[in-house]
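# Report on the structure
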Amino acid sequence: MRIGAAKFPFLLGLGASLAVLSQGVIASPPPSPHSSSLIPHSFASDRWQVDLQTPDLPTLGEQTEYLPEELAVVHLVLKLGQRRVYVHRGEEVLASYPVAIGTADTPTPTGEFEVFQMIENPVWQNPWTGEVRSPGANSALGLRWIAFNEMPNGIIGFHGTPTISSIGRAASNGCVRMHNADVVALFEQVEIGTTVIVEP
């Protein structure tokens, strides 16, 4: 079926354009002397150049002003000579409590340690008779146990005691005795890994 050119004049224009392209010739009018200098005459040699300008912004100043403050870590300092344990956050003393320490025959060890065990209402077993005592305020370990050093003959830690008359003296087998109310308060301020420094 033959399609009449009169009915589809755009086909003639399309065919003419294809004929010109097939010969490798692209006809274009010569550049006008009044044309804008922004339009390049040769896309092969000229490139568009755009200059971007950024506004001057105020400086932020000291970067540390915008960083969150790092909280100092809590650590304990047990002063055997004073019979007292101090709770520090950095250089600040948050609290201190009176304690009983080990006797001359079973001294509380000095040095730097870490809390590695924390028990609420610990159960105490008599090391001489093997008898297990019920937990509570009247137990030999009181209401809380905070261990910080393991020795060949046992574990050393802070604990409550019903024998409050021993507080302030060298009276234990190496552990650090405290009033039950005080050891409960201390328990809330430390965690596993808290540093314990024991000084003479």
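Conventions used here
- Residues numbered from 1 in each chain as written.
- Predicted model: local features only at pLDDT ≥ 70, side-chain atom pairs only at ≥ 80, totals over all residues.
- Heavy atoms only, no water.
- Helix = DSSP H or I, 4+ residues; strand = E, 2+ residues; numbered from the N terminus.
- Contact = heavy atoms within 4.5 Å.
- Areas by Shrake-Rupley, 256 points an atom, 1.4 Å probe, with all protein chains shown as cover.
- Core = buried A, V, L, I, M, F, W, Y, C linked by side-chain atoms within 4.5 Å.
- Buried < 20%, exposed > 50% of the residue type's maximum accessible area, 1.4 Å probe, protein only.
- Salt bridge = Lys/Arg side-chain N within 4 Å of Asp/Glu carboxyl O.
- Pairing = 2+ DSSP bridges.
- Axes fitted to C-alpha atoms, helices over the stretch in contact; angles between N-to-C directions.
- Phe/Tyr/Trp six-rings, centres within 6.5 Å; stacked < 30°, edge-to-face > 60°.

### What about the overall build of the chain?
Of regular secondary structure, the chain possesses two helices and 13 strands. Restricting to contacts in the chain with at least 6 residues of sequence separation, those with at least 24 account for 54%. Here the chain displays about 14,400 Å² of accessible surface, and carbon together with sulfur accounts for 56% of that area.

### Considerations on the nonpolar core
Core analysis: the biggest nonpolar cluster contains 24 residues, and Phe158 and Leu186 have the highest contact counts within it. Once you skip the residues sitting within four places of it in the chain, leucine 186 turns out to touch Leu76, Val87, Tyr97, Ile146, Phe158 and Met178. Counting residues in each nonpolar core, the second largest holds five residues, with Leu141, Trp145, Ala147 and Cys175 among its members.

### Comments concerning the pattern of salt bridges
According to the stated counting rule, one finds three salt bridges in the structure shown. Note that arginine 144 is salt-bridged to glutamate 120, the shortest N-O span being 3.9 Å. Here the residue arginine 144 occupies a position in strand 9 (residues 144–151), and glutamate 120 occupies one in strand 6 (residues 117–120), the gap between them amounting to 24 residues. For glutamate 131, the salt bridge identified is with arginine 133, shortest N-O distance 3.5 Å. For glutamate 131, a relative accessible area of 42% gives the class partly exposed.

### Points about the sheet that holds strand 5 (residues 111–114)
Sheet strands line up and pair through hydrogen bonds in the backbone, either parallel or antiparallel. On the basis of which strands lie adjacent, the open sheet formed by five strands has the order 3-2-1-13-5 and mixed pairing. A single partner strand is all that each edge strand has here, and the edge strands are strand 3 (92–98) and strand 5. Neighbour-to-neighbour, the strand axes of the sheet open up by a mean angle of 20 degrees, direction not taken into account. Here five bridges tie strand 1 (residues 74–79) to strand 13 (residues 195–199), and the two strands are oriented parallel to one another. In the sheet register, lysine 79 faces strand 13, and the bridge partner there is glutamate 199.

### Focus on the sheet that holds strand 12 (residues 176–178)
The strand order 6-9-10-12 describes an open sheet built from four strands, whose pairing is mixed. Of all the strands in the sheet, the pair left with one neighbour each is strand 6 and strand 12. Sheet twist, expressed as the mean angle between neighbouring strand axes with direction ignored, is 20 degrees. As paired strands, strand 10 (residues 154–160) and strand 12 are joined by three bridges and run parallel to one another. If you follow phenylalanine 158 over to strand 12, its bridge partner there is valine 176. Against the sheet, helix 2 (residues 180–187) engages strand 6, strand 9, strand 10 and strand 12, with an angle of about 75 degrees to strand 9.

### Examining the side chain of arginine 144
Classification of arginine 144 by relative accessible area gives buried; the value is 12%. Apart from the residues within four sequence positions on either side, arginine 144 is in contact with Ile119, Glu120, Asn121, Pro122, Phe158, His159, Gly160, Val183, Val184 and Phe187.

### Topic: the packing of aromatic side chains
For any two aromatic rings, the description comes down to two numbers: the centre-to-centre distance and the angle of the planes. Tallying each qualifying case throughout the model produces two aromatic pairs. Each ring, one from phenylalanine 113 and one from phenylalanine 148, has its centre 5.7 Å from the other, and the planes form 50 degrees; the classification is tilted. Placement of the pair is phenylalanine 113 in strand 5 and phenylalanine 148 in strand 9, with a sequence separation of 35 residues. Exposure class is identical for phenylalanine 113 and phenylalanine 148. Each is buried. Each ring, one from phenylalanine 148 and one from phenylalanine 158, has its centre 5.1 Å from the other, and the planes form 45 degrees; the classification is tilted. Of this pair, phenylalanine 148 sits in strand 9 while phenylalanine 158 is found in strand 10, placing the two residues 10 residues apart along the sequence. Given the relative accessible area of 2%, phenylalanine 148 is considered buried. Residue classification places phenylalanine 158 among the buried residues on the basis of a relative accessible area of 0%.

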